[in-house]
Amino acid sequence: MENRGLLFIPDISGFTRLINEMEIGHSRLIIQELLEILINANTIGLEISEIEGDAILFYKFGESPDLQVLYKQVEKMFCEFHRHLIAYEYRRFCQCKACTSAVNLTLKVITHFGEFTYYTVKNFNKLIGKDVIVAHQLLKNDIAQHEYWLVTKSLLHDKPLTGFEQWMKWNSSVRQTESGEIAFHYTQLSQLRKDLAPEILPQLELSKKVRMFSLSRVFETDIITLFHATGDFNYRGRWQEGVKYVEEVNHFLPRIGMRCRCVMKNGQVRIYTSSYSYHQDRIEFSETDEKKKSAVYYLLEKIDQNHTRLTLDFYLKKNIALQGIFYLVKKLKTEATYNKSLLNLEKFVKTI
């Protein structure tokens, strides 16, 4: 059985349009995150042969897997894929075409059983064999909707497709290849996406905080540029006073829940983006330290195409002792540090 096994290809539909018609920089990062989601959702011991742009060629040598087990793997990948996209749609900072269109991406999965082998180049196992070609040819078919699970006859062993979800309707078709006709069955997966729980956004929780000071400044730049400068952790060391550099940013693209570690001149602090609201002329977001003792709220208001007002509010958790120490020891220094940061920001926004 060493040359027989499962070929499993999750393929992202809509990728070509995202790359060709949108900003390629963010398109690349979106696809990169989605491919990592698919890899992390692997629960049945699939091996990776290669990543093929918008698809992953998984394989597993051995006997043909049980179809119910295979479906659970398809279901997990499909749901994790769309759960990630839904979360990004609600939590993303960026308003570029690639980011606003990402939620329209979807997934199809090709599964086939056959003969193949491999050769090794560095750390990669390159698959070769007639059935590898067949599996790739099945990606091009006449199925109208592009979120489905395709199962070839080689996986069925003449058994009926029963025992799955009630909403699953199976269709059959054939694909004409150089090796002859390949018979397959397929079912749409759209219902899985519809059944996902709605995304719940974090609340501002201002009732649990006390504003300690507020700063405001008008910048000679548009609201989106100022938003990218202030909201992207990767820029933080370029303007925030006291920050030497930022590391461990846990997302490629900025969004609610994004976390990082700020290495300061006097130590380090972990922060995360805790809230966000976008309107064309008004953007709000907040950052909170990991222990939730303090938070900074940013309000950006469009004045005109080339001028934006930024208001920065510094909050502490409601705690009499914490507030008292801050007023006596830290308030003047902290306020002066943020004032200097805004001056740095004024210079920085002219460079991006």
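Residues numbered from 1 in each chain as written. Predicted model: local features only at pLDDT ≥ 70, side-chain atom pairs only at ≥ 80, totals over all residues. Heavy atoms only, no water.

Colleague: Got a minute to help me understand the pairing of strand β14 (residues 282-289) in this structure?
Modeller: Looking along a regular strand, one sees the side chains alternate between the two faces of the sheet. A large share of β14 lies buried, amounting to six of its eight residues. The sheet contact formed by strand β13 (residues 267-279) and β14 spans eight bridges and is antiparallel. Bridging across to β14, Ser277 finds its partner in Glu284. Connecting β13 to the next strand, β14, in antiparallel fashion are two residues. Looking at chain direction, β14 and strand β15 (residues 294-304) are connected through seven bridges and run antiparallel. Bridge assignment links Phe285 to a residue of β15, and that residue is Tyr298. Counting the residues between successive antiparallel strands, the hairpin from β14 to β15 contains four residues, one of them, Lys292, with a positive phi of roughly 60°. (Buried < 20%, exposed > 50% of the residue type's maximum accessible area, 1.4 Å probe, protein only. Helix = DSSP H or I, 4+ residues; strand = E, 2+ residues; numbered from the N terminus. Pairing = 2+ DSSP bridges.)

Colleague: Could you clarify how one ought to interpret the sheet that holds strand β4 (residues 106-115) in this entry?
Modeller: Across a sheet, paired strands are connected by hydrogen bonds in the backbone, their directions being either parallel or antiparallel. The seven strands are arranged β2-β3-β1-β4-β7-β9-β8 in an open sheet whose pairing can be described as mixed. Looking at which strands have only one partner, the edges of the open sheet turn out to be β2 (47-51) and β8 (170-177). The mean inter-strand angle of the sheet, taken between neighbouring strand axes irrespective of direction, is 25°. Examined bridge by bridge, β8 and strand β9 (residues 180-188) share eight bridges and lie antiparallel to one another. Bridge pairing links Trp170 to Thr187 in β9. Across the sheet, helix α3 (residues 67-91) lies against β1 (4-13), β3 (56-61), β4 and β7 (148-152), angled at about 150° from β4, the strand it touches most. Seen against the sheet, helix α5 (residues 130-137) touches β1, β3, β4, β8 and β9 and runs at an angle of roughly 155° to β4. (Axes fitted to C-alpha atoms, helices over the stretch in contact; angles between N-to-C directions. Contact = heavy atoms within 4.5 Å.)

Colleague: What is the right way to look at the environment of Asn3 in this model?
Modeller: With respect to the element layout, Asn3 can be found in the segment before β1. Distance in space between the C-alpha atoms of Asn3 and Gly114 is 8.3 Å, their sequence separation being 111 residues. With sequence-adjacent residues up to four places away left out, Asn3 is seen in contact with Phe61, Gly114, Glu115, Phe116 and Thr117.

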